[in-house]
Amino acid sequence: MNRARLLVFNAVLSVLDYRVPADMEIEIGSVVLAPLGPRQIVGIVWEADRLPGEQVADSRLRPLIEVLPVPPLSAPLRRLIEWTADYYCAPIQSVARMALSSSAALKGGGTTSEYRLSGLEPERLTPQRAVAMDALQGEQASIRELAEIAGVSDGVLRGMLNAGILEAVTVDLDRPYPRARAQFAVPELTVDQQAAADIFVAAVNGGKFAPFLLDGVTGSGKTECYFEAIAAAIEADKQVLVLLPEIALTEHFLRRFETRFGVAPVLWHSSIKASERRRAWRAIASGEAQVVVGARSALFLPYARLGLLVVDEAHEVSFKQDDGVRYNARDVAVIRARFEACPVILASATPALESMQLAEAGVYRKIDLPARFGGATLPEISIVNLCKEEPERGRWLAPRLVAEMRERLARGEQSLLFLNRRGYAPLTLCRHCGYRFQCPNCSAWLVEHRFSQRLACHHCGHDTPVPNACPECATQDCLVACGPGVERIADEVAELMPEARVAMATSDTLNTPERIADFVAMAEEGLIDVIIGTQLVTKGYHFPELTLVGVVDADLGLEGGDLRAGERSYQQIAQVAGRAGRGAKQGEVLIQTRHPDAPVIAALAAGDRDAFYAAEAEARRDAGAPPFGRWAAIIVSSEDEAEARDAARAIGGVRPRLPDIAIHGPAPAPMSLLRGRYRYRLLINARRSSELQRVIRGWLDPLRFPQGVRVAVDIDPYSFV
Ligand code: ADP
Ligand code: ZN
């Protein structure tokens, strides 16, 4: 090769041609450094005929600078990048950037200095040094990272280094991870589990694309089953990627993994340290990392020999990314498995309707685990009709639910109250003039957080202290909280059952791995009587003493009514119900609602999952919604309202007119202001067979907009705000 076409990470240019110096060896997929003006940029050598670009004369080409010391990106990964860009109407360089997501890793191996406490105990410590000494027990990282962990300045730590309290250690950037052992602690599987595991193991050894939907009730042992597939991959020296929907779940997963395989897996998510990210990236690219557990961003990493993908809790909406490249990791995982020619397992107790449909159509092979492990039975579900069984004035828990909780407390068992609303109250208003506290940057109310005494926006992070007087009419002490959040429920429980030990489980309280681990340990040891939590506690956990689940407001998820509201409510309530009675004791679930006849609630009460899916499918078919029809959204935003509106109108003005595609809008988005940007939206509804992406590209590509305008395309959207 004497010339090379590169995919480069530049917002405007994405494809550039270069000359390959005679003494340089490159291949397709090589990651290289190239000159661009006075700068040096990173690029990936690509098949020239797969990237459009102008044919520049040889004489005008500048030479590449060097090949970076990492393995070339494999053909399956290059095809995945192309597919994702194409399907989600995203710039290909933005997708490729997700594969090279550690710039440090591209610099190659070597050593670096990390720092840790030396063990020296000085007589006297400044308060800041004392704080740092406490926080840094067992930590080892760069000065910058340690400063972040300890919450002190770099200067404090450098002072400690000079004083000998910290010491430097030289670490190999590519030091190997401990090896997972396939046979470390092999469980005895039930007959159903073994049958499922056998199928997965055969698929791993078969080395062909094979998509599975592992549909098993909560507590049936889905994890144990796919662990056997992981064991098979480890034995065959193939790599495994397990995607989890939430970082909060990884802690629990790591422990189970360690119990089964003797070591922790390799972790990947947005909050791992830069040094860990670099090490993990390099081990993934070299093939040394055996099992990677991560959030959706782990999906685009350059695995050397991927042999299995698992998407756990595959129905979770958090697999859909809603900024940058708007992709659905569940769906892209299946595509990656196809390109890599390996099996993929989507595991869930409440599969998405789309997945059910694909299983029905024979695209996915469905594997069922119909029974809970160890003879535990599914909990009994009953409805509390709030119209008939009203809570006391100013309270949110119906007498029957409170009575059941008291009974659990007397028996030394646990209760879990589920309410998917952080904070104390979702709306605060002035009793005197009716003023409502709204976010200045978003079309959203500010949520009161009573513990921190602040009003916060859950969309942009804006927050402000709760004032004494109304900012509008200046009346003192006139603010009232409307509606409940988990903090308010915690207050109510404290008043009703002062002797109960209550723990809140939300992203405000469980925001570090240590706090999550503490919470889980306390719950498992029976040191908590009542857990009050948001969707964070609906999945993954296994607390043997938990025998009562109360759903505080089952109607909450049905508000707003986007196309998946029913399904999402069903999944959430079914998942949280699945936390009850996982041990030897029977579990019970009380669902508080004002709409006992709503299809979701009725199906939950009757335990009739099939009826729910059938009704939901019917409704979606009528609406031309997925999986029967397709949706896409075009979201136009700007800090300037008129600019956003004009751009949206310009798009609307040249809309294509096609028989199988309906285009609605432009109209202000339901969240017409978000993080300081005004938003307009067009919604596109198309037949399944239509060439939706091609139409959208042909429509938008010729248009030009002012600098401040952002136009985002969302294919198969999950969020309709
Ligand atoms: P799911 O993921 O389907 O909700 P889990 O895999 O979490 O179910 O299993 C539920 C509980 O039962 C876990 O504590 C798990 O360790 C235990 N369990 C499941 N199958 C077995 C088995 N074959 N042997 C021992 N324990 C099991
Ligand atoms: Zn806001």
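Residues numbered from 1 in each chain as written. Chains lettered and ligands numbered in written order. Predicted model: local features only at pLDDT ≥ 70, side-chain atom pairs only at ≥ 80, totals over all residues. Heavy atoms only, no water.

So what exactly am I meant to see when it comes to a negative patch on the surface here?
On the surface, Glu639, Asp640, Glu641 and Asp646 cluster together to form a negatively charged patch. Counting through the fold element by element, Asp646 comes out in helix α18 (residues 641–653). (Patch = residues over 30% accessible without salt bridge, like charges linked within 9 Å, V, L, I, M, F, W, Y side chains within 5 Å. Areas by Shrake-Rupley, 256 points an atom, 1.4 Å probe, with all protein chains shown as cover. Salt bridge = Lys/Arg side-chain N within 4 Å of Asp/Glu carboxyl O. Lys, Arg positive; Asp, Glu negative; His and termini not counted. Charge placed at Lys NZ, Arg CZ, Asp CG, Glu CD. Helix = DSSP H or I, 4+ residues; strand = E, 2+ residues; numbered from the N terminus.)

Looking at this structure, I do not really get the coordination of the zinc ion (ligand 2). What am I missing?
By definition of the ideal shapes, four donors in a tetrahedron about a metal sit 109.5 degrees apart, and six donors in an octahedron sit 90 or 180 degrees apart. In this structure, Cys439 (SG), Cys442 (SG), Cys457 (SG) and Cys460 (SG) serve as the protein donors to the zinc ion (ligand 2), at separations of 2.3 to 2.4 Å. Motif for the zinc ion (ligand 2), donor spacing along one chain: C-x2-C-x14-C-x2-C. Placement of the pair is Cys439 in the loop between β17 (427–430) and β18 (447–449) and Cys457 in the loop between β19 (454–456) and β20 (463–465), with a sequence separation of 18 residues. When its relative accessible area of 3% is taken as the criterion, Cys457 is described as buried. (Donors = N, O, S within 2.8 Å, 3.2 Å for Na, K, Ca; no water. Buried < 20%, exposed > 50% of the residue type's maximum accessible area, 1.4 Å probe, protein only.)

I'm lost on the domain arrangement of the chain in this one. Help?
Quite often, the size of an interface is put as the accessible area lost when its parts meet. Domain annotation of the chain identifies domain 1 (3–100), domain 2 (111–172), domain 3 (191–373), domain 4 (376–421 + 484–617) and domain 5 (629–715). Each of domain 3 and domain 5 has a C-alpha centre, and the two are 34 Å apart. (Domains from an automatic or database assignment.)

Where do I start with the sheet that holds strand β1 (residues 3–8) in this structure?
Where strands meet in a sheet, backbone hydrogen bonds hold them as pairs that are either parallel or antiparallel. Pairing within the open sheet is antiparallel, and its five strands lie in the order β2-β1-β4-β3-β5. Each edge of the open sheet is held by one strand with a lone partner, namely β2 (15–19) and β5 (66–67). Here strand β3 (residues 31–36) runs beside β5; their pairing, made up of two bridges, is antiparallel. In the sheet register, Val32 faces β5, and the bridge partner there is Val67. Of the strands in this sheet, β1 and β4 (39–46) touch helix α2 (residues 92–99), which is tilted by about 85 degrees from β1. (Pairing = 2+ DSSP bridges. Contact = heavy atoms within 4.5 Å. Axes fitted to C-alpha atoms, helices over the stretch in contact; angles between N-to-C directions.)

Would you mind going over helix α1 (residues 75–87) with me for this structure?
Each α-helix turn comprises 3.6 residues. Residues three or four places apart therefore point the same way. Here α1 spans 18 Å end to end across 13 residues, near enough to the 18 Å set by a 1.5 Å rise per residue. In this structure, the buried residues of α1 make contact with β4, α2, α10 (329–340) and α19 (692–700). Positive backbone phi, approximately 50 degrees, marks Cys89, located one or two places after α1. (Expected span 1.5 Å × (residues − 1).)

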